[in-house]
Each structure stands twice: as structure tokens, then as C-alpha cells.
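The chain contents come next:
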Amino acid sequence: QKEVEQNSGPLSVPEGAIASLNCTYSDRGSQSFFWYRQYSGKSPELIMSIYSNGDKEDGRFTAQLNKASQYVSLLIRDSQPSDSATYLCAVKKNQGAQKLVFGQGTRLTINP
Amino acid sequence: DGGITQSPKYLFRKEGQNVTLSCEQNLNHDAMYWYRQDPGQGLRLIYYSQIVNDFQKGDIAEGYSVSREKKESFPLTVTSAQKNPTAFYLCASSNRDIISAFFGQGTRLTVV
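Residues numbered from 1 in each chain as written. Chains lettered and ligands numbered in written order. Predicted model: local features only at pLDDT ≥ 70, side-chain atom pairs only at ≥ 80, totals over all residues. Heavy atoms only, no water.

A.B. asks: Whenever I open this one, the overall build of chain B confuses me. Can you help?
C.D. replies: Helix and strand counts for chain B stand at zero helices and eleven strands. Element order for chain B, N to C, with α for helix and β for strand: β-β-β-β-β-β-β-β-β-β-β. Its C-alpha atoms give chain B a radius of gyration of 13 Å, near enough to 13 Å, the size a compact globule of 112 residues would have. Structurally, chain B occupies a C-alpha span of about 35 × 25 × 25 Å along its principal axes. Taken across its 112 residues, chain B has 49% of its residues classed as buried. The contacts of chain B with a sequence gap of at least 6 include a subset with a gap of at least 24, amounting to 53%. Roughly 5400 Å² of accessible area belongs to chain B as shown, and the carbon and sulfur atoms make up 47% of that amount. Side chains of chain B carry 12 positive and 11 negative charges; the gap between the two charge centres is 7 Å. (Helix = DSSP H or I, 4+ residues; strand = E, 2+ residues; numbered from the N terminus. Rg over C-alpha atoms; globule rule 2.2 N^0.38 Å. Buried < 20%, exposed > 50% of the residue type's maximum accessible area, 1.4 Å probe, protein only. Contact = heavy atoms within 4.5 Å. Areas by Shrake-Rupley, 256 points an atom, 1.4 Å probe, with all protein chains shown as cover. Lys, Arg positive; Asp, Glu negative; His and termini not counted. Charge placed at Lys NZ, Arg CZ, Asp CG, Glu CD.)

A.B. asks: Honestly, the pattern of salt bridges in this entry has me stumped. Any pointers?
C.D. replies: A side chain with one charge can pair with a side chain of the opposite charge if their charged atoms come near. Under the counting rule described, the total for this entry stands at six salt bridges over all chains. For A:Glu45, the salt bridge identified is with A:Arg37, shortest N-O distance 3.1 Å. Taking relative accessible area as the criterion, A:Glu45 reaches 33% and is therefore assigned partly exposed. The shortest N-O distance in the salt bridge between A:Asp83 and A:Arg60 comes to 2.9 Å. Of the two residues, A:Asp83 sits in the loop between β8 (71-76) and β9 (85-93) while A:Arg60 sits in the loop between β6 (54-58) and β7 (61-66), which places them 23 residues apart along the sequence. The exposure class of A:Arg60 is partly exposed, given its relative accessible area of 27%. A single salt-bridge network, built from bridges that share partners, covers B:Arg36, B:Asp38 and B:Arg44. (Salt bridge = Lys/Arg side-chain N within 4 Å of Asp/Glu carboxyl O.)

A.B. asks: Even after reading the chapter, I still don't get the interface of chain A and chain B, so can you show me in this structure?
C.D. replies: Accessible area lost when the parts come together is the quantity often used to give the size of an interface. In this complex, chain A contributes 18 residues to the contact, which on the side of chain B involves 23 residues. Surface buried jointly by chain A and chain B totals about 1700 Å² across both partners, of which 55% is contributed by carbon and sulfur atoms. If you look at where chain A meets chain B, you find zero salt bridges. Applying the counting criterion to the chain A and chain B interface returns five residue pairs in polar contact (both at pLDDT 80 or more). Secondary-structure elements contributing two or more residues to the side of chain A that touches chain B are β4 (32-38), β9 and β10 (99-102) of chain A. Looking at the side of chain A that touches chain B, its residues break down into nine nonpolar, six polar and three charged. (Buried area = accessible area lost by both parts, 1.4 Å probe. Polar contact = N/O pair within 3.5 Å; in protein donor to acceptor, adjacent residues only side chain to side chain. Nonpolar A, V, L, I, M, F, W, Y, C, P; charged D, E, K, R; others polar.)

In C-alpha cells form, the structure reads like this:
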């Protein structure tokens, strides 16, 4: 089982709709969770972080965390073509030395 | 401006050569990381360091070496023992508790 799993996609969403991206993780003791956006050929940029159960909203982005189910998601409302990118889920592992573990990423395409 | 600087942006290596990728940060972060990304793949951890003069192997350390002589600098050497080094290399840094982690712009290494 991979430590952090994401559906690699591609996920295709019409412009203006809600895009839903999902991530599961295996380390039940994980405390911190991050979503990064990566445009083709560029480095990842941090868009959301979440540390406690529930929802966290920032503009058109909402991160959702459910530690009991070991599940974290990212919702993008009113999707725009500029949101087309690969979205990477990252989890801070607490066992041993602290480090960030990434999923394989979900490629999202917003269709005008 | 605070940030992480990787150099060079593009690097070409001949078979049997060692090459060193530079990573410098002025964010006063304690922790630094090296990741490798292959086309269409997520990020795999090569090495990470939480304090000066200390570093740990990640998931794919074979064929790579690092040093952490200064807080600001974490260079990565790709040795001739790395049989498939062509990839996009990303350096990141974070505070000790990994409240957030930020990336440099990456180095694209190609074997010729």
C-alpha cells in the first residue's frame, strides 16, 4: 500500500463546475496535510494546508480532512481554465524523523 | 526577496560523470529536502536534512549524495552510480514542524 494515494486522472471538469480531488493516506498518526498545484514544467506551489478535522476554506478552494477515514480532499469551486494543472497531496509523517510524503498527483483539466 | 534558489535550471550530464545541483534558501528554514520527479509521476524523496551537519536517506537515495554544512545550503550530487538520472529535481525547505514547505524552481537533468 502506498503511503499517500491519489487517482492520477485525468479528471475533466467543465468551466464553472466544482472540481473534487481526493487523497488517502496510510499513517494514522499523520497530523499535517497539504495540497500543491503544479503547472506543466514548473515546481509545485502550496495552495492549502489543513491540520484538524473538518473544512478549511480559502477563496474558491476548500480542503476537507477526515482523520478517522484517513482521507483528505480538495474542492475547487467555479473552476477556471487556469486551474488546469496537476494537484499533489502531501502528508507530514510523524513516525521517526519528520518528512513530507507526496502522492502521485491528479491531473485536472478544466474545459471551457 | 525570501525564497529558494536552485541552479542550474537545465543540466546535461555525460555518462560516468558526477554532477552537483545547487539549492540555497534565505527563509531561515531548518529543514531541507531533495525530491525527484519523473514524467507523469509524483515526487519521490531522495534525501532530507532537519539540521546542519545531519541528513537522512529518503526512499531513493542510491546513487545520490548530499551535504549540509550551512543552514542555507543543501547541494545534491548525482553520482555515476545513479543509472537513470534523467529527471526533474526539486529542492524544498520548511520550518522544523513543517507548517508549510516551499519549493525552488527545479533543475532538469538530462544524460547525453
